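What follows is each chain in one-letter form.
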Amino acid sequence: MNPRLSALVATARVVSIPLRTKFRGINERELLVFEGPNGWSEWAAFPEYSDDEAASWLAAAIEWAYGYLPTTKRTQVAVNAILPAVAEGEVAKVLSRAGKFETVKVKVAEPGQTIGEDLARLLEVKSLYPETKLRLDANGSYEIAAAMELIEKLAGEGIELEYFEQPVQSIAELAELKIEISKRGFATLIAADESVRKSSDPLAVELAEACDILVLKSAPLGGVVSALEIAASSKLPIVPSSAMQSSIGLAAELHFAASLETLEFDAGLGTMNLFAGDLVKDSLKPVGGVLEVRRPELNNSSLDTFKAEEHRYDWWIERLERCGELIGLEA
Ligand SMILES: [Mg+2]
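What comes next concerns the included structure. Quantities reported herein were computed from a predicted structural model and do not represent experimental measurements.

Six octahedral donors around a metal ideally make angles of 90 or 180 degrees; four tetrahedral donors ideally make 109.5 degrees. For the magnesium ion, the protein coordination sphere consists of D137 (OD), E165 (OE) and D193 (OD), at 2.1 to 2.4 Å. Read in sequence order, the donor residues coordinating the magnesium ion give the pattern D-x27-E-x27-D. Residue E165 is found in strand 8 (residues 163-165), and its partner D193 is found in the loop between strand 9 (190-192) and helix 7 (194-197); the two are separated by 28 residues along the sequence. The class of E165 is buried, set by a relative accessible area of 0%. D193 sits in the buried class, given a relative accessible area of 1%.

As structure tokens, this is what we get:
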């Protein structure tokens, strides 16, 4: 059953957690946490998101604090390391924090950077970790021609990709790129992320045959149960991933990953190494490329350590009231 809005506001705290490296153009991750019968939960819809989009994240956060949660099918989940769009010279330092890993996801197509910088970063990763599986994420920021250029340049260097996540923005562009890839004789797999979570129909991208893999995050899809339903109705392999949550929100994504019938690829849940702080006593950081499935306990003092400014608290509470109304919460 849904809580009243007043119950959410009663325990709500807003925090801003510093990141080690700029990610998605931000240096701090701002989010709201609240407590329910299941424990603490996190509402981490990015500030620029619309109320409609943020309302799905709120439904997910409420499920994690108050809702029924399916039983998990495994106790450990293998995860990838993640490399933000840093300069070539910073690759070694950033990846050294990830410990041991078998797969690394590298961010590319950062606004203001060139394909040359992306290529240099990727070559550096491959020279430091020749055995690692390499996946890219462009967050939809390449044009078709640029994505194709990078695929060809990597092939020219003898580098094979595990897959290329959201190289271009729209479903139509993804479909066109896939045709282009096979026309030129490549076998690069395409994963869809934004095309799943920002679409009114999460499986439209699959229906359009515009991708080979689906990246699913439970928060934008309204929670663990609804993300599992989407996974069950898809024929494609699923890569459960996080959305730069703290360990409180990451635990929900981990629960989703651990509840999936099959896990063919390493999950995109190795994001805690990008944070310079956390809200729990024992962070969900992978050990040997593996995350133990658990719900970590809140470290109460972290809520003061990372407390956001008063006006940001007001902003989040107003947003909570608007989004709560959208999903039918009573005052
Ligand atoms: Mg992505």
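That shown, we press on.
Summed over all chains, the structure comprises 23 salt bridges. In this structure, the salt-bridge partner of E53 is K198, at a minimum N-O distance of 2.7 Å. Taken as a pair, E53 in helix 2 (residues 51-66) and K198 in the loop between helix 7 and helix 8 (204-207) lie far apart in primary sequence, 145 residues in all. By relative accessible area, which is 43% here, K198 ends up partly exposed. Ionic pairing is found between K105 and D137, a salt bridge with its closest N-O pair at 3.4 Å. Of this pair, K105 sits in strand 6 (residues 103-107) while D137 sits in strand 7 (residues 133-137), and the two are 32 residues apart along the sequence. What emerges from the salt-bridge pattern is a single network uniting K105, K107, D137 and E165.

Glancing now at the nonpolar core. By size, the foremost hydrophobic cluster in this structure holds 112 residues, and its most contacted members are W43, L136, Y142 and F164. The residue makeup of this core includes at least three contributed by each of domain 1 (5-68 + 301-326) and domain 2 (76-298). The contacts of L136, once residues within four sequence positions are left out, are V106, V108, L122, L150, L154, L161, Y163, F164 and E165. Counting six residues, the second-largest nonpolar core is a separate cluster that includes Y163, I213, V215 and F265.

If you walk across this open sheet you meet the three strands as 1-2-3, and the pairing is antiparallel. Unpaired on one side and paired on the other, strand 1 (13-23) and strand 3 (39-43) mark the two borders of the sheet. Neighbour-to-neighbour, the strand axes of this sheet turn through a mean angle of 35°, independent of strand direction. Direction of pairing for strand 1 relative to strand 2 (residues 26-36): antiparallel, over a ladder of seven bridges. If you follow S16 over to strand 2, its bridge partner there is E30. Against the sheet, helix 2 contacts strand 2 and strand 3, and its axis sits at roughly 175° relative to strand 3.

The rules behind the values
Residues numbered from 1 in each chain as written. Predicted model: local features only at pLDDT ≥ 70, side-chain atom pairs only at ≥ 80, totals over all residues. Heavy atoms only, no water. Donors = N, O, S within 2.8 Å, 3.2 Å for Na, K, Ca; no water. Helix = DSSP H or I, 4+ residues; strand = E, 2+ residues; numbered from the N terminus. Buried < 20%, exposed > 50% of the residue type's maximum accessible area, 1.4 Å probe, protein only. Salt bridge = Lys/Arg side-chain N within 4 Å of Asp/Glu carboxyl O. Core = buried A, V, L, I, M, F, W, Y, C linked by side-chain atoms within 4.5 Å. Domains from an automatic or database assignment. Contact = heavy atoms within 4.5 Å. Pairing = 2+ DSSP bridges. Axes fitted to C-alpha atoms, helices over the stretch in contact; angles between N-to-C directions.

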